[in-house]
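Structural description and commentary
Given next are the chains, with one letter for each unit.
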Amino acid sequence: MRLFVSIDLPDALADAVAEVQAPLQDTPGLTLVDPEQAHVTLKFLGDVDERRIPEIEDALETAVDDADVGPFEAEVTGLGVFPSMDYISVVWVGVGDGAAEMIRLYEAVERETTAIGFDPEDHEFTPHVTLGRLKDARGKETVQRVVRDDPPTLGRFRVDQIRLTESTLSAEGPQYETVRRFGL
(Lines give C-alpha, C1' and ligand atoms only; values in the text may rest on other atoms or scores of the structure.)
Protein backbone atom coordinates (compact mmCIF):
# COMPACT_ATOMS: atom_id res chain seq x y z
CA MET A 1 0.00 0.00 0.00
CA ARG A 2 1.28 3.48 -0.89
CA LEU A 3 0.48 5.60 2.19
CA PHE A 4 0.68 9.16 3.44
CA VAL A 5 -0.60 11.18 6.41
CA SER A 6 -2.52 14.36 5.60
CA ILE A 7 -4.78 17.21 6.59
CA ASP A 8 -7.44 17.45 3.91
CA LEU A 9 -8.94 20.63 2.58
CA PRO A 10 -12.74 20.59 2.63
CA ASP A 11 -14.67 20.19 -0.62
CA ALA A 12 -15.85 23.80 -0.18
CA LEU A 13 -12.31 25.00 -1.05
CA ALA A 14 -11.97 22.91 -4.24
CA ASP A 15 -13.31 25.73 -6.43
CA ALA A 16 -10.86 28.19 -4.85
CA VAL A 17 -7.99 25.78 -5.55
CA ALA A 18 -9.14 25.43 -9.18
CA GLU A 19 -9.36 29.23 -9.48
CA VAL A 20 -5.75 29.65 -8.32
CA GLN A 21 -4.69 26.91 -10.75
CA ALA A 22 -6.51 28.54 -13.70
CA PRO A 23 -3.66 30.87 -14.80
CA LEU A 24 -1.36 27.82 -14.79
CA GLN A 25 -3.76 25.57 -16.73
CA ASP A 26 -1.88 25.44 -20.05
CA THR A 27 1.65 25.75 -18.69
CA PRO A 28 3.96 23.41 -20.62
CA GLY A 29 5.46 20.70 -18.43
CA LEU A 30 3.17 21.45 -15.47
CA THR A 31 0.84 18.75 -14.16
CA LEU A 32 -1.87 20.17 -11.90
CA VAL A 33 -3.33 18.22 -9.00
CA ASP A 34 -7.05 17.50 -8.74
CA PRO A 35 -8.57 20.33 -6.65
CA GLU A 36 -10.96 17.80 -5.09
CA GLN A 37 -7.96 15.99 -3.58
CA ALA A 38 -6.18 19.05 -2.14
CA HIS A 39 -4.40 18.36 1.13
CA VAL A 40 -1.42 19.19 3.32
CA THR A 41 0.91 16.18 3.51
CA LEU A 42 2.28 15.69 7.01
CA LYS A 43 4.28 12.57 6.12
CA PHE A 44 4.72 10.46 3.00
CA LEU A 45 5.25 6.87 4.14
CA GLY A 46 5.64 5.31 0.69
CA ASP A 47 5.07 1.66 -0.11
CA VAL A 48 4.15 -0.16 3.08
CA ASP A 49 3.25 -3.78 3.81
CA GLU A 50 -0.39 -3.72 4.88
CA ARG A 51 0.49 -5.86 7.93
CA ARG A 52 2.15 -2.70 9.33
CA ILE A 53 -1.15 -0.75 9.38
CA PRO A 54 -1.92 -1.44 13.08
CA GLU A 55 1.60 -0.30 14.06
CA ILE A 56 1.21 2.88 11.97
CA GLU A 57 -2.22 3.56 13.44
CA ASP A 58 -0.81 3.22 16.98
CA ALA A 59 2.02 5.61 16.09
CA LEU A 60 -0.43 8.17 14.68
CA GLU A 61 -2.69 7.92 17.74
CA THR A 62 0.35 8.61 19.92
CA ALA A 63 1.43 11.48 17.66
CA VAL A 64 -1.97 13.18 17.86
CA ASP A 65 -1.98 12.80 21.67
CA ASP A 66 1.61 14.07 22.00
CA ALA A 67 1.08 17.05 19.69
CA ASP A 68 -1.68 18.22 22.05
CA VAL A 69 -3.37 20.17 19.26
CA GLY A 70 -7.13 20.57 19.45
CA PRO A 71 -9.32 21.52 16.49
CA PHE A 72 -8.15 24.79 14.92
CA GLU A 73 -8.79 27.20 12.05
CA ALA A 74 -6.37 27.28 9.13
CA GLU A 75 -6.05 29.81 6.33
CA VAL A 76 -4.84 28.80 2.87
CA THR A 77 -2.98 31.73 1.36
CA GLY A 78 0.04 32.78 -0.71
CA LEU A 79 1.91 30.98 -3.47
CA GLY A 80 5.36 29.43 -3.44
CA VAL A 81 7.59 26.87 -5.12
CA PHE A 82 10.01 24.12 -4.16
CA PRO A 83 12.95 24.04 -4.16
CA SER A 84 13.55 27.58 -5.54
CA MET A 85 12.35 30.09 -8.14
CA ASP A 86 15.38 29.18 -10.27
CA TYR A 87 14.64 25.46 -10.23
CA ILE A 88 10.92 24.79 -9.80
CA SER A 89 9.59 21.29 -9.23
CA VAL A 90 6.48 21.97 -7.10
CA VAL A 91 4.04 24.90 -7.12
CA TRP A 92 2.09 25.31 -3.90
CA VAL A 93 -0.26 27.46 -1.86
CA GLY A 94 0.75 28.01 1.73
CA VAL A 95 -0.84 28.08 5.14
CA GLY A 96 -1.08 31.28 7.19
CA ASP A 97 -3.13 30.92 10.36
CA GLY A 98 -2.88 27.35 11.58
CA ALA A 99 0.69 26.79 10.36
CA ALA A 100 2.04 26.51 13.92
CA GLU A 101 -0.48 23.80 14.78
CA MET A 102 0.33 21.93 11.57
CA ILE A 103 4.04 22.08 12.38
CA ARG A 104 3.37 20.61 15.84
CA LEU A 105 1.35 17.79 14.27
CA TYR A 106 4.07 17.21 11.66
CA GLU A 107 6.79 17.06 14.33
CA ALA A 108 4.83 14.52 16.39
CA VAL A 109 4.00 12.39 13.31
CA GLU A 110 7.64 12.55 12.19
CA ARG A 111 8.89 11.52 15.63
CA GLU A 112 6.50 8.56 15.92
CA THR A 113 6.89 7.27 12.36
CA THR A 114 10.70 7.42 12.45
CA ALA A 115 10.57 5.58 15.80
CA ILE A 116 8.92 2.64 13.99
CA GLY A 117 11.44 2.61 11.17
CA PHE A 118 10.31 5.10 8.53
CA ASP A 119 12.98 7.34 7.05
CA PRO A 120 13.20 10.85 8.51
CA GLU A 121 12.46 13.77 6.21
CA ASP A 122 15.54 15.40 4.69
CA HIS A 123 14.04 18.89 4.43
CA GLU A 124 12.32 21.43 6.63
CA PHE A 125 8.53 21.12 6.81
CA THR A 126 6.56 23.97 5.22
CA PRO A 127 2.79 23.55 5.57
CA HIS A 128 1.47 23.73 2.00
CA VAL A 129 -1.03 22.39 -0.50
CA THR A 130 0.56 21.21 -3.75
CA LEU A 131 -1.06 22.80 -6.81
CA GLY A 132 1.11 21.16 -9.44
CA ARG A 133 4.44 19.61 -10.39
CA LEU A 134 6.73 21.04 -13.05
CA LYS A 135 8.44 18.25 -14.99
CA ASP A 136 10.77 20.46 -17.03
CA ALA A 137 11.76 24.11 -17.45
CA ARG A 138 9.43 24.95 -20.37
CA GLY A 139 6.81 26.48 -18.07
CA LYS A 140 9.20 28.05 -15.57
CA GLU A 141 8.63 31.69 -16.62
CA THR A 142 4.84 31.31 -16.49
CA VAL A 143 5.02 29.80 -13.00
CA GLN A 144 7.41 32.54 -11.84
CA ARG A 145 5.05 35.25 -13.12
CA VAL A 146 1.97 33.71 -11.46
CA VAL A 147 3.77 33.18 -8.14
CA ARG A 148 5.02 36.79 -8.13
CA ASP A 149 1.53 38.23 -8.79
CA ASP A 150 -0.72 39.20 -5.88
CA PRO A 151 -0.74 36.29 -3.45
CA PRO A 152 -4.21 34.74 -3.29
CA THR A 153 -6.17 33.82 -0.18
CA LEU A 154 -8.25 30.73 -0.88
CA GLY A 155 -10.14 30.68 2.38
CA ARG A 156 -10.28 29.28 5.88
CA PHE A 157 -11.24 25.86 7.15
CA ARG A 158 -11.51 23.97 10.40
CA VAL A 159 -8.95 21.24 11.05
CA ASP A 160 -10.28 18.60 13.42
CA GLN A 161 -8.51 15.46 12.20
CA ILE A 162 -5.58 14.00 10.32
CA ARG A 163 -5.94 11.15 7.87
CA LEU A 164 -3.95 8.04 6.96
CA THR A 165 -4.51 7.74 3.22
CA GLU A 166 -3.80 5.12 0.60
CA SER A 167 -2.78 6.49 -2.80
CA THR A 168 -3.27 4.26 -5.82
CA LEU A 169 -1.57 5.54 -8.96
CA SER A 170 -3.54 5.29 -12.21
CA ALA A 171 -3.51 6.74 -15.72
CA GLU A 172 -6.11 9.31 -14.57
CA GLY A 173 -3.92 10.37 -11.65
CA PRO A 174 -3.73 9.21 -8.03
CA GLN A 175 -6.87 7.87 -6.38
CA TYR A 176 -7.07 8.41 -2.61
CA GLU A 177 -8.86 6.24 -0.07
CA THR A 178 -9.01 6.83 3.67
CA VAL A 179 -7.46 4.06 5.74
CA ARG A 180 -8.27 5.80 9.04
CA ARG A 181 -9.02 9.23 10.49
CA PHE A 182 -7.57 10.50 13.77
CA GLY A 183 -9.55 13.20 15.58
CA LEU A 184 -7.75 16.09 17.25
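In this report, we go over the structure that sits alongside the text. None of the values given here were measured: they were computed from a predicted structure. (Residues numbered from 1 in each chain as written. Predicted model: local features only at pLDDT ≥ 70, side-chain atom pairs only at ≥ 80, totals over all residues. Heavy atoms only, no water.)

Okay, the overall build of the protein chain next. Assigned secondary structure in the protein chain consists of 4 helices and 9 strands. Each helix and strand of the protein chain, ordered N terminal to C terminal, gives the series β-α-β-β-α-β-β-α-β-α-β-β-β. Expected size for 184 residues packed as a compact globule is a radius of gyration near 16 Å; at 16 Å, the protein chain falls within 12% of this value. Its C-alpha atoms give the protein chain principal-axis dimensions of about 45 × 35 × 30 Å. When each of the 184 residues of the protein chain is scored for burial, the buried share is 46%. Partitioning the intrachain contacts of the protein chain with sequence separation of at least 6 by distance along the chain shows that 77% fall at a separation of at least 24. As displayed, the protein chain has an accessible area near 9,500 Å², and 44% of this comes from carbon and sulfur atoms. (Helix = DSSP H or I, 4+ residues; strand = E, 2+ residues; numbered from the N terminus. Rg over C-alpha atoms; globule rule 2.2 N^0.38 Å. Buried < 20%, exposed > 50% of the residue type's maximum accessible area, 1.4 Å probe, protein only. Contact = heavy atoms within 4.5 Å. Areas by Shrake-Rupley, 256 points an atom, 1.4 Å probe, with all protein chains shown as cover.)

Time to look at the packing of aromatic side chains. Across all of its chains, the model carries 3 aromatic pairs by this definition. A centroid spacing of 5.1 Å and a plane angle of 75 degrees characterise the contact between Phe-4 and Tyr-176, whose relative ring orientation is edge-to-face. With a gap of 172 residues between them, Phe-4 in strand 1 (residues 2-8) and Tyr-176 in strand 9 (residues 175-183) connect regions that are remote in the sequence. Residue classification places Phe-4 among the buried positions, given a relative accessible area of 4%. Note on Tyr-176: relative accessible area 27%, which makes it partly exposed. Taken together, a centroid distance of 5.2 Å and an interplanar angle of 35 degrees make the contact between Phe-82 and Trp-92 tilted. With Phe-82 in strand 4 (residues 72-83) and Trp-92 in strand 5 (residues 88-95), this pair connects stretches of sequence that are 10 residues apart. The exposure class assigned to Phe-82 is partly exposed, which follows from its relative accessible area of 25%. (Phe/Tyr/Trp six-rings, centres within 6.5 Å; stacked < 30°, edge-to-face > 60°.)

The next subject is unusual backbone geometry. Look at the link from Phe-82 to Pro-83: it is a cis peptide, with omega at -10 degrees. Take Pro-83: it is sitting in strand 4. Located in the positive-phi region is Asp-68, a residue other than glycine, with phi close to 55 degrees. Tracing the chain through its elements places Asp-68 in the loop between helix 2 (53-67) and strand 4. Given a relative accessible area of 60%, Asp-68 falls into the exposed group.

Mapped onto the elements, Gly-132 comes out in strand 6 (residues 128-134). With relative accessibility at 0%, the residue Gly-132 sits in the buried group. Measuring from C-alpha to C-alpha, the distance between Gly-132 and Tyr-176 comes to 17 Å, with 44 residues separating the pair along the chain. In this view, Gly-132 contacts Leu-30, Thr-31, Leu-32, Val-33, Ser-89, Val-90 and Val-91; residues no more than four positions away in its chain are not counted.

The next point concerns the layout of surface pockets. Of the volumes computed, that of the largest pocket is approximately 1,000 Å³. Along its surface, the largest pocket is lined by 33 residues, and His-39, Thr-41, His-128, Thr-130 and Arg-133 are the ones closest to its centre. Taken together, the elements giving at least two residues each to the lining of the largest pocket come down to strand 1, strand 2 (30-32), strand 3 (39-47), strand 6 and strand 9. No other element matches strand 3, which puts 5 residues into the lining of the largest pocket. Partitioned by chemical class, the residues of the lining of the largest pocket number 14 nonpolar, 11 polar and 8 charged. (1 Å grid on protein atoms, 1.4 Å probe; cavity = no way out; pocket = protein on both sides within 12 Å on 5 of 7 lines; lining within 4 Å. Points joined across faces, edges and corners; volume = space filled by probe spheres on them. Nonpolar A, V, L, I, M, F, W, Y, C, P; charged D, E, K, R; others polar.)

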